[in-house]
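Structural overview
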Amino acid sequence: MKQISIIVAIAQNHAIGKDNDLLWHISKDFQWFKDKTRGHQVIMGERTLHSLPNGPLPKRNNIVITDKKGKTFEGCTTVYSIEEAIEHCSETEESFIIGGGSIYKQFLAYANKFYLTLVHKDFEADTFFEVDFSEWKIIERIDVNDDPQNDFTYSFIVYERNSLQKT
Ligand SMILES: NC(=O)c1ccc[n+]([C@@H]2O[C@H](COP(=O)([O-])OP(=O)(O)OC[C@H]3O[C@@H](n4cnc5c(N)ncnc54)[C@H](OP(=O)(O)O)[C@@H]3O)[C@@H](O)[C@H]2O)c1
């Protein structure tokens, strides 16, 4: 079984982004993301690559999915379909799906682990990701209620799939 994990921060109203940017600045979430993905392969859509302030993420193999055949991105492995991205995923090393909206939706059925940062507030957005967690069980949860940087609370929740679907 391929080790495919989704990592995403989602608002209460399922919002994840606007104008090709994130909706919040949560230092603890950046740290959480770094800690989980460091040394692993990360898979993203072309728009998410362009949203990264410093380009491809260091110390990680960056795979970028684009529909523009033949286009390549410096410092990344470029693929042209979800299936091609999955071919790069391993059964022994965890691969992280890091966005954005269109890529999360297409990978949801293939993922067996889900790292959710749930932001307990509604945000105005143009990109959303809604997940039915009835198929998932919580294996870890950390609630953050005292972040002086933000006027909202959030939770880090790790899920594993109850039963596996496609891979
Ligand atoms: N909250 C979070 O944790 C989080 C994390 C990452 C990103 N984001 C946010 O999400 C937003 C970006 O998401 P997005 O949905 O607009 O873009 P995206 O998923 O990052 O990238 C979309 C690109 O990937 C291509 N693509 C998608 N599926 C494909 C497929 N099956 N085969 C080939 N190419 C494919 C698209 O081509 P087409 O145009 O042909 O579809 C498009 O060029 C931003 O606001 C970003 O900040 C949030």
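Below is a short write-up of the structure.

Rules used throughout
Residues numbered from 1 in each chain as written. Predicted model: local features only at pLDDT ≥ 70, side-chain atom pairs only at ≥ 80, totals over all residues. Helix = DSSP H or I, 4+ residues; strand = E, 2+ residues; numbered from the N terminus. Buried ≥ 20, exposed ≤ 12 C-beta atoms within 10 Å, placed from the backbone. Near = placed C-beta within 6 Å. Nonpolar A, V, L, I, M, F, W, Y, C, P; charged D, E, K, R; others polar. Pairing = 2+ DSSP bridges. Core = buried A, V, L, I, M, F, W, Y, C linked by C-beta atoms within 7 Å. Contact = placed C-beta atoms within 7 Å. Axes fitted to C-alpha atoms, helices over the stretch in contact; angles between N-to-C directions. Right-handed = clockwise from strand over helix to strand, strands pointing away.

**Structural notes on the overall build of the protein chain**
Along the backbone of the protein chain there are four helices and 10 strands. In sequence order, the protein chain lays out its α and β elements as β-β-α-β-α-β-β-α-β-α-β-β-β-β. Projected onto the principal axes, the alpha-carbon positions of the protein chain cover approximately 45 × 35 × 25 Å. Looking at the protein chain as a whole, 30% of its 167 residues are labelled buried.

**Considering the site of the ligand**
Near the ligand you find 28 residues, and of these Gly17, Gly45, Arg47, Gly99 and Gly100 are the closest. For the shell around the ligand, the class distribution of residues is 10 nonpolar, 13 polar and five charged.

**Considering the pairing of strand 9 (residues 136-144)**
Little of strand 9 is tucked away, with zero of its nine residues classed as buried. Taken together, the eight bridges between strand 9 and strand 10 (residues 154-161) define a ladder with antiparallel strand orientation. From the neighbouring strand, Trp136 faces strand 10, where its bridge partner is Arg161.

**Some thoughts on the nonpolar core**
Judged by nonpolar contacts, the single largest core of 36 residues is most densely connected at Ile6, Val8, Ile10, Ile43, Ile97 and Phe107. Those elements that place two or more of their residues in this core are strand 1 (4-11), strand 2 (15-17), strand 3 (41-45), strand 4 (61-65), strand 6 (95-97), helix 4 (101-107), strand 7 (113-119) and strand 10. The greatest single-element share of this core, amounting to seven residues, is contributed by strand 1. If near-sequence neighbours (up to four positions away) are discounted, Phe107 is found in contact with Ile4, Ile6, Ile82 and Ile97.

**Description of unusual backbone geometry**
Along the chain, Gly99 connects to Gly100 via a cis peptide bond; the corresponding omega equals 0°. Notably, Asn20 is not glycine yet its phi reads approximately 55°, a positive angle. The residue Asn20 is located in the loop between strand 2 and helix 1 (27-37) in this model. Of note in this structure, Lys59 is not a glycine but carries a positive phi near 60°.

**Remarks on the sheet that holds strand 7**
As summarised here, the arrangement of the eight strands in space is 5-4-3-6-1-7-10-9, forming an open sheet in which the pairing is mixed. The sheet is open, and its two borders are formed by strand 5 (77-79) and strand 9, each paired with just one other strand. With direction set aside, neighbouring strand axes in the sheet form an average angle of 20°. Here three bridges tie strand 3 to strand 6, and the two strands are oriented parallel to one another. Residue Gln41 lies in a different strand from strand 6, and its bridge partner there is Ser95. Of the strands in this sheet, strand 1, strand 3, strand 6, strand 7, strand 9 and strand 10 are in contact with helix 1, which crosses strand 1 at around 175°.

**Observations regarding the pairing of strand 3**
Burial analysis of strand 3 places five of its five residues in the buried class, the great majority of the element. Across the two faces of strand 3 the burial is the same, with Gln41, Ile43 and Gly45 and Val42 and Met44 all buried. Judged from the five bridges that link them, strand 3 and strand 4 form a sheet pairing that is parallel. Bridging from a neighbouring strand, Gly45 pairs with Ile65 of strand 4. A crossover links strand 3 with its parallel partner strand 4, the connecting element being helix 2 (residues 46-51), and its sense is right-handed.

**Looking at the environment of Ser155**
Of note, Ser155 is situated in strand 10. Residues Ser155 and Asp143 lie 12 residues apart in sequence; the distance between their C-alpha atoms is 4.3 Å. With sequence-adjacent residues up to four places away left out, Ser155 is seen in contact with Leu118, Arg141, Ile142, Asp143 and Val144.

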